[in-house]
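# Examination of the molecular architecture
Spelled out from the first residue to the last, the chains are:
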Amino acid sequence: MINSILLNWDLLIVGAIVILTVILGFVVFLENSHSKMHQSFLYFTLFTALWGIFNYANNRVDDVAFAFLFLRLTIFFVCWQTASLLFFSLTFPDKELTIPRYLRIGLMSLTLVVSILTLTPLVFVKVGAISASGHIEYAVLGPAMPLFGIMTIGFLITGSIILIRRIRRLDLEQRQAYHLIVYGLIIMFVLIVTSNFLIPVLLYDISFTPFGAIFVFPFIGLTGFAIIKKKVFNV
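Per chain, residues are indexed from 1 in the order of the written sequence. pLDDT decides what is reported in this predicted model: residues at 70 or higher carry local features, side-chain atom pairs at 80 or more are listed and counted, and totals for whole chains, interfaces and linings draw on all residues regardless. In computing side-chain values, all of the structure's heavy atoms are included and hydrogens and water are not.

### Focus: the nonpolar core
Definition used in this section: a nonpolar core is a set of buried Ala, Val, Leu, Ile, Met, Phe, Trp, Tyr and Cys residues joined via side-chain atoms within 4.5 Å. Accessible area is worked out with a 1.4 Å probe on protein chains only. A residue is then buried under 20% of its type maximum, exposed over 50%, and partly exposed in between. Counting residues in each nonpolar core, the largest one holds 62 residues, and the members touching the most others are Leu185, Phe219 and Phe233. Counting only elements with at least two residues in this core, the list comes to helix H2 (9-31), helix H3 (36-58), helix H4 (64-91), helix H5 (101-117), strand S2 (136-141), helix H6 (145-167), helix H7 (172-203) and helix H8 (217-230). Residues contacting leucine 185, with those up to four places away along its chain left out, are Phe44, Leu85, Leu163 and Phe219. Counting five residues, the second-largest nonpolar core is a separate cluster that includes Val14, Val18, Ala49 and Tyr56. Helix and strand assignments come from DSSP, with helices taken as H or I runs of at least 4 residues and strands as E runs of at least 2, each series counted from the N terminus. Here, residues are in contact when the closest pair of their heavy atoms is within 4.5 Å.

Now the structure itself:
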């Protein structure tokens, strides 16, 4: 029993992080379920949790076909994760979207189209190589991969800039509280991009990719602290 737990410590930690992420989302959402800001935050946490699950699964299952499917689903949820972050920033702190309807529809349509493309050979053509342990080492990239990268990175950068600029308009006490959330987001995405993209691409080392969900912890921890001690989101 103990040996089994020790052998699956990574699964236990990832599972705990995923559960805490979902709980955090619902704690904020239930404070004001009619607020677009609170809804967007919930969507962000749910898509982050789903990304963490499939990111872990695609690096742990032995069946290559399932692993390849989970790899596609991993980046499928990245599309919606970054889109929900952008929409969260666009509603903060007014609780409602402040952009024109046509732009909102355009962003949602773009996300829908690109997310569907991630499930096709236009983003990942096929498995490129399989490691000695039987797991996917890398996948052959398709012609739509740059579109996925531009959209998700664009959403991430734009959302972060908008959020930081809007936080600066708040009073000093509120700025200090919401800055904790921004710090958590920055640390989380820096660790995820480094472990899931830079290290595999530059060093051909995929040993860190299964633990992507663990890097969500700084966001959970700092946001949870801001909620408990600083009463952000009016929780």
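### Comments concerning the packing of aromatic side chains
Between the rings of Phe, Tyr and Trp (Trp by its six-membered ring), a pair exists once the centres lie within 6.5 Å; its type follows the angle of the planes, with under 30 degrees stacked, over 60 edge-to-face, and the other angles tilted. Evaluation of the coordinates by the stated rule reveals 13 aromatic pairs. Measuring from ring centre to ring centre gives 5.1 Å for phenylalanine 76 and phenylalanine 77, while their planes differ by 85 degrees; the resulting arrangement is edge-to-face. Residue classification places phenylalanine 76 among the buried positions, given a relative accessible area of 18%. With relative accessibility at 11%, the residue phenylalanine 77 sits in the buried group. By the ring-pair criterion, three or more aromatic residues cluster together here, those being Phe41, Phe44, Phe88, Phe92, Tyr178, Phe189 and Phe219.

### Observations concerning unusual backbone geometry
Cis peptide bonds are those with omega within 30 degrees of zero, and the linkage from phenylalanine 92 to proline 93 qualifies with -10 degrees. Summarising the element assignment, proline 93 is placed in the loop between H4 and H5.

### Describing the confidence of the model for the chain
Any segment with low pLDDT has predicted coordinates that should not be analysed in fine detail. A score from 0 to 100, pLDDT tells how confident the predictor is in each residue. Here the chain averages 86 in pLDDT, while 93% of its residues score no lower than 70. Within the chain, no element has a lower average pLDDT than helix H1 (residues 2-7), which sits at 47, and none a higher one than H5, at 94.

### Considerations on the packing of H2 against H8
For helices, the fitted line uses only the C-alpha atoms of the stretch in contact; every axis is such a line through C-alpha atoms, and the angle between N-to-C directions lies from 0 to 180 degrees. Where H2 contacts H8, the two axes come as close as 10 Å, and the packing angle between them is 35 degrees. The chirality of how H2 crosses H8 is left-handed. Packed against H2, whose contacting residues are Ile17, Leu20, Thr21, Leu24 and Val28, the element H8 presents Phe217, Phe219, Ile220, Thr223, Gly224 and Ile227 at the interface. Note that Gly is not counted as nonpolar here; it falls among the polar residues with everything else outside the nonpolar set of Ala, Val, Leu, Ile, Met, Phe, Trp, Tyr, Cys and Pro and the charged set of Asp, Glu, Lys and Arg. Here the residues of the contact of H2 with H8 are counted per class, giving eight nonpolar, three polar and no charged. Each crossing is labelled by how the near helix is turned from the far one, with a counterclockwise turn of less than a right angle marking it left-handed and a clockwise turn marking it right-handed.

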